[in-house]
Amino acid sequence: NHVDYQRNGDDVLFQVILAESDYSEATQDAVGEISDRLTEAGYRYYMSGQSYLTYYFNDMIKKQLPRILIIVIPIVFLILTIMTTSFIEPLLFAIVTGVAIVLGMGTNLFFPHVSYLTYSVSPVLQLALCMDYSIIMLSRYRHYRKQELSRDEAITKAWKTSLVPVLASSLTTVAGFVAVMFMKYRIGMDVGLVLTKAIIFSLITVIFMLPA
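Residues numbered from 1 in each chain as written. Predicted model: local features only at pLDDT ≥ 70, side-chain atom pairs only at ≥ 80, totals over all residues. Heavy atoms only, no water.

Q: What am I meant to see in the nonpolar core here?
A: Generally speaking, nonpolar side chains in soluble globular proteins are found buried as a group. Counting 23 residues, the largest nonpolar core has F93 and I199 as its most contacted members. Of all elements in the fold, only α2 (50-83), α3 (88-106), α4 (116-146), α5 (151-180) and α6 (186-209) reach the threshold of two or more residues within this core. The element that contributes the greatest number of residues to this core is α4, accounting for 8 residues. Residues in contact with F93, not counting those within four places in the same chain, are F77, L80, M131, S134, I135, L138 and L210. (Core = buried A, V, L, I, M, F, W, Y, C linked by side-chain atoms within 4.5 Å. Buried < 20%, exposed > 50% of the residue type's maximum accessible area, 1.4 Å probe, protein only. Helix = DSSP H or I, 4+ residues; strand = E, 2+ residues; numbered from the N terminus. Contact = heavy atoms within 4.5 Å.)

Given below as structure tokens:
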């Protein structure tokens, strides 16, 4: 790392050159430490550069994403409660979606870095996909229940008949994100891998957990 500075009266301009990339964990930790120390010392300061912008947006997403989900999730489940015939159905959707999001975001630990853009998009995408797949399976289940089949028979037939459209829907989405991996920019691989994994977990939880 290297630091240059210029002074103009009480104002000082520092230029900090960091050894690693703007997106590395070490760089983000260094930027956070500089910001914290300046704040604790009571200095008025302004930071710029790609390293700081990455740190700033990462920090903002981590703070704002829970607030966004707090607003979006009740709205989604209010709509489901109005549109479904049972109060337990939105609860089942919530459990399945929650498990898919936990698996999707939890396994991000296996990656050295996940961009703030991918981090913010992943749970929202999983929420939408889980709802989509779950509604398909639930509508098939209702259809077979109306034919006076038992619960076991209805869910078995619903599982078999909804498997193909759900798989087709998920695979086309996966294909799109696999294509994104071949972007020239590094973020393409990040977005493609993480969101493909998110889709797969959404598919697995709906296919195997929802019927159970």
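Q: Would you explain the packing of α5 against α6 in this entry?
A: Packed helix pairs are characterised by how far apart their axes lie and by the angle those axes make with each other. In the contact formed by α5 and α6, the axes pass within 8 Å of each other and the chain directions differ by 175°. One way to sum up the angle between α5 and α6 is to call them roughly antiparallel. Residue-level inspection shows W159, L163, V166, L167, S170, T173, V174, F177, V178 and V180 of α5 in contact with α6, the latter providing G188, M189, V191, G192, L195, T196, I199, L203, I207 and F208. (Axes fitted to C-alpha atoms, helices over the stretch in contact; angles between N-to-C directions. Parallel < 35°, antiparallel > 145°, perpendicular 65-115°, else oblique.)

Q: Could you clarify how one ought to interpret a nonpolar patch on the surface in this entry?
A: Among the surface-exposed residues, I68, I71, V72, I75, L78, I79, I82 and M83 lie close enough to one another that they form a single nonpolar patch of about 800 Å² accessible area. Turning to its location among the elements, I82 is positioned in helix α2. Under the relative-accessibility criterion, I82 is labelled exposed at 62%. (Patch = residues over 30% accessible without salt bridge, like charges linked within 9 Å, V, L, I, M, F, W, Y side chains within 5 Å. Areas by Shrake-Rupley, 256 points an atom, 1.4 Å probe, with all protein chains shown as cover. Salt bridge = Lys/Arg side-chain N within 4 Å of Asp/Glu carboxyl O.)

Q: Sorry, what's going on with the environment of S21 here?
A: Tracing the backbone through its elements, the reader meets S21 in the loop between β2 (11-17) and α1 (25-41). The class of S21 is partly exposed, set by a relative accessible area of 34%. A sequence separation of 44 residues divides S21 from L65, and the C-alpha atoms of the two residues are 25 Å apart. Ignoring anything within four residues of it in the chain, the contact list for S21 reads T27 and R186.

Q: Just to check I follow, could you spell out the pattern of salt bridges for this structure?
A: If charged atoms from side chains of opposite charge come close, those side chains can pair. Applying the stated criterion to the full structure yields 2 salt bridges. With its nearest N and O atoms 2.8 Å apart, the salt bridge here joins R37 to E33. Placement of the pair is R37 and E33 together in helix α1, with a separation of 4 residues, close to one helical turn. Among the residues examined, R37 registers a relative accessible area of 56% and is labelled exposed. On the basis of relative accessible area, E33 is assigned to the partly exposed category, the value being 41%. Of the charged contacts in the structure, one is a salt bridge between R142 and E89, with a shortest N-O distance of 2.9 Å. Placement of R142 in helix α4 and of E89 in helix α3 is noted, with a sequence separation of 53 residues between them. Judged by its relative accessible area of 27%, R142 falls in the partly exposed class.

Q: Hey, could you run me through unusual backbone geometry in this one?
A: In most cases, non-glycine residues show a negative phi, while peptide bonds are predominantly trans. For E148, which is not glycine, the phi torsion reads 65° and is therefore positive. Looking at the element boundaries, E148 is found in the loop between α4 and α5.

Q: I tried to follow the side chain of K197 on my own but got confused; where do I start?
A: Tracing the sequence through the fold places K197 in helix α6. Buried and without a salt bridge, K197 has D190 as its closest oppositely charged side chain, separated by 9.4 Å. (Lys, Arg positive; Asp, Glu negative; His and termini not counted.)

Q: Is there a simple way to think about the packing of α3 against α4 in this case?
A: At a minimum axis distance of 9 Å, the contact between α3 and α4 shows a crossing angle of 140°. In terms of their interaxial angle, α3 and α4 are classed as oblique. The handedness of the crossing between α3 and α4 comes out as right-handed. In contact with E89, F93, T97, A100, I101, G104 and M105 of α3, α4 contributes Y119, P123, Q126, L127, C130, M131, S134, I135, L138 and R142. Taken together, the residues that form the contact of α3 with α4 break down as 11 nonpolar, 4 polar and 2 charged. (Left-handed = near helix turned anticlockwise from the far one by under 90°. Nonpolar A, V, L, I, M, F, W, Y, C, P; charged D, E, K, R; others polar.)

Q: Sorry, what's going on with the layout of surface pockets here?
A: Where empty space is left can be seen by rolling a probe of water-molecule size over the atoms. Its volume calculated, the largest pocket comes out at about 1,000 Å³. If you trace the largest pocket, you find 26 residues lining it, with L13, F14, L38, Y46 and M47 closest to the centre. At the level of elements, β2, α1 and α2 are the ones that each hand at least two residues to the lining of the largest pocket. It is β2 that provides the largest number of residues to the lining of the largest pocket, a total of 7 residues. Class assignment of the residues belonging to the lining of the largest pocket gives a composition of 16 nonpolar, 6 polar and 4 charged. When its volume is computed, the second largest pocket comes out at roughly 490 Å³. Every residue lining the second largest pocket is counted, 20 residues in all, and those nearest its centre are E25, N58, K62, H113 and V114. (1 Å grid on protein atoms, 1.4 Å probe; cavity = no way out; pocket = protein on both sides within 12 Å on 5 of 7 lines; lining within 4 Å. Points joined across faces, edges and corners; volume = space filled by probe spheres on them.)

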